[in-house]
Amino acid sequence: MTFDRKIKIAPSILSADFANFGAECQAIEAQGADWVHVDVMDGHFVPNITFGPATCAAIRPHIKGVMDVHLMIAPVDPYIGDFARAGADVITAHAEAGPHVHRTLQAIRSAGAKAGIALNPGTPAGAVAELLDMIDLVCVMTVNPGFGGQKFIDMTAKIHALRDMIGERPIHIEIDGGVDPVTAPLVAQAGADVLVAGSAVFKGGSVGQPEVYGTNIRAIRAAAEGLYA
Ligand code: DX5
Ligand code: ZN
């Protein structure tokens, strides 16, 4: 995985056909997705359940690029090895998932993955201040995690603060929740480079009609990049 700050679109398979993950991952990559975002929920840290490491391992061969695994689970540490062995390139844990996020981030890098930290809307940018040398990504939640299709919560000030804090360090700023062609420019302008989008990518399309995914991905990318045109 090489580092850059170009806009990357990361469709969340939370909005895909759960009976068809392999084909859905292939379809979004063929239609221009940069990363594949995989939402793991445990019904405890968040009020919804999705799937675990076995599903990640099963879809891995269908993803050519980056598998970006977002863990909305607590505890995290007992499962890091499983997700790394499943082939996650990036493993993101929540700052709010336990008292020892520093240890969690160490464990993610030791397992051979890039380490991400996610911040719920109520968690300030300063939560990462002591962790900047041990993270590869900060995920700014622009919804309260648990479900796709929620309304975007404006976290622009937090994104700006993180961008200032990060400086020249090779740390991605990822935005997750309610990203669409209207909200993408706001977060891109504030300093984000990885845009997760579930509903806005999958809406109107299917594995039988994958070109709709392509149209949706291009619309988000164009809106985000338009600011710099
Ligand atoms: C929310 C998940 C998101 C979600 C985004 O808990 O972490 O990745 O799928 O979905 P949209 O783009 O529909 O808000
Ligand atoms: Zn997510």
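Preceding this paragraph is the structure being described.
In this report, the structure presented in the accompanying data block is examined. Since the structure is predicted, the reported quantities are computational estimates derived from the model, not experimental observations.

1. A word on the overall build of the protein
Check the secondary structure of the protein and you find 8 helices and 8 strands. Expected size for 229 residues packed as a compact globule is a radius of gyration near 17 Å; at 16 Å, the protein falls within 12% of this value. For the C-alpha atoms alone, the extent of the protein along its principal axes is close to 45 × 40 × 35 Å. Each of the 229 residues in the protein was classed as buried or not, and the buried ones make up 54%. Put simply, of all contacts in the protein between residues at least 6 apart along the chain, 66% involve residues at least 24 apart. Averaging the positions of the 16 positive and the 24 negative side-chain charges in the protein gives two centres separated by 4 Å.

2. What to know about the environment of Thr104
Along the chain, Thr104 falls in helix α4 (residues 101-110). Placed 29 residues apart in sequence, Thr104 and Pro75 show a C-alpha to C-alpha distance of 9.8 Å. Not counting residues up to four positions away in its chain, the partners in contact with Thr104 are Val76, Asp77, Ile80 and Ala93. Looking at Thr104, its side chain comes within polar contact range of the side chain of Asp77, at 2.6 Å.

3. Looking at the site of ligand 1
Residues in close proximity to ligand 1 total 20 residues, the closest being Asp39, Gly146, Asp176, Gly198 and Ser199. For ligand 1, an oxygen atom lies 3.3 Å from a polar atom in the side chain of His70. Relative to its unbound accessible area of 380 Å², ligand 1 is 99% covered by the protein chains. Secondary structure elements with two or more residues in the shell around ligand 1: β2 (35-41), β3 (66-72) and β8 (194-197).

4. Observations concerning the nonpolar core
If you look at the biggest cluster of nonpolar residues, it comprises 74 residues, and the most contacted ones within it are Ile13, Ile117 and Leu195. For Leu195, the residues in contact, after removing those within four places along its chain, are Ile7, Lys8, Ile9, Ala10, Ile175, Val179, Ala184, Val187, Ile220 and Ala224. Counting 11 residues, the second largest nonpolar core, distinct from the first, contains Ala10, Val90, Cys139 and Val194.

5. Describing the side chain of Glu174
Counting through the fold element by element, Glu174 comes out in strand β7 (residues 172-176). The buried charged residue Glu174 lacks any salt bridge partner; its closest oppositely charged side chain belongs to Lys8, at an N-O distance of 9.6 Å. Look past the residues within four positions of Glu174 in its chain and what remains in contact with it is Trp35, His37, Asp68, Leu137, Val138, Cys139, Val140, Val194 and Val196.

6. Observations concerning helix α5 (residues 156-166)
Within α5, the full set of buried residues consists of Thr156, Lys158, Ile159, Leu162 and Ile166. Angular distribution of buried residues about the axis of α5 spans 160°; they occupy a single face of the element. Residues of α5 that are exposed and angled more than 90 degrees away from the buried face: Ala157 and Asp164. In the core, the buried residues of α5 are packed alongside β5 (114-119), β6 (137-141), β7 and α6 (184-190). Positioned one or two residues after α5, Gly167 has a phi angle of 55°, which is positive.

7. As for the sheet that holds β3
As summarised here, the arrangement of the 8 strands in space is β1-β8-β7-β6-β5-β4-β3-β2, forming an open sheet in which the pairing is parallel. What marks the edges here is a single partner per strand, and that holds for β1 (8-11) and β2. Taken pair by pair, the neighbouring strands of this sheet meet at an average axis angle of 25°, ignoring direction. The pairing of β7 with β8 spans 3 bridges and is classified as parallel. Counterpart to Glu174 in the pairing with β8 is Val194. The strands touched by α4 are β4 (90-94) and β5; relative to β5, the strand with the most contacts, the crossing angle is about 150°. With respect to the sheet, helix α8 (residues 211-225) is in contact with β1 and β8, its orientation differing from that of β1 by roughly 145°.

Rules used in this analysis
- Residues numbered from 1 in each chain as written.
- Chains lettered and ligands numbered in written order.
- Predicted model: local features only at pLDDT ≥ 70, side-chain atom pairs only at ≥ 80, totals over all residues.
- Heavy atoms only, no water.
- Helix = DSSP H or I, 4+ residues; strand = E, 2+ residues; numbered from the N terminus.
- Rg over C-alpha atoms; globule rule 2.2 N^0.38 Å.
- Buried < 20%, exposed > 50% of the residue type's maximum accessible area, 1.4 Å probe, protein only.
- Contact = heavy atoms within 4.5 Å.
- Lys, Arg positive; Asp, Glu negative; His and termini not counted.
- Charge placed at Lys NZ, Arg CZ, Asp CG, Glu CD.
- Polar contact = N/O pair within 3.5 Å; in protein donor to acceptor, adjacent residues only side chain to side chain.
- Near = heavy atom within 4 Å.
- Areas by Shrake-Rupley, 256 points an atom, 1.4 Å probe, with all protein chains shown as cover.
- Core = buried A, V, L, I, M, F, W, Y, C linked by side-chain atoms within 4.5 Å.
- Salt bridge = Lys/Arg side-chain N within 4 Å of Asp/Glu carboxyl O.
- Arc of directions from axis to C-beta.
- Pairing = 2+ DSSP bridges.
- Axes fitted to C-alpha atoms, helices over the stretch in contact; angles between N-to-C directions.

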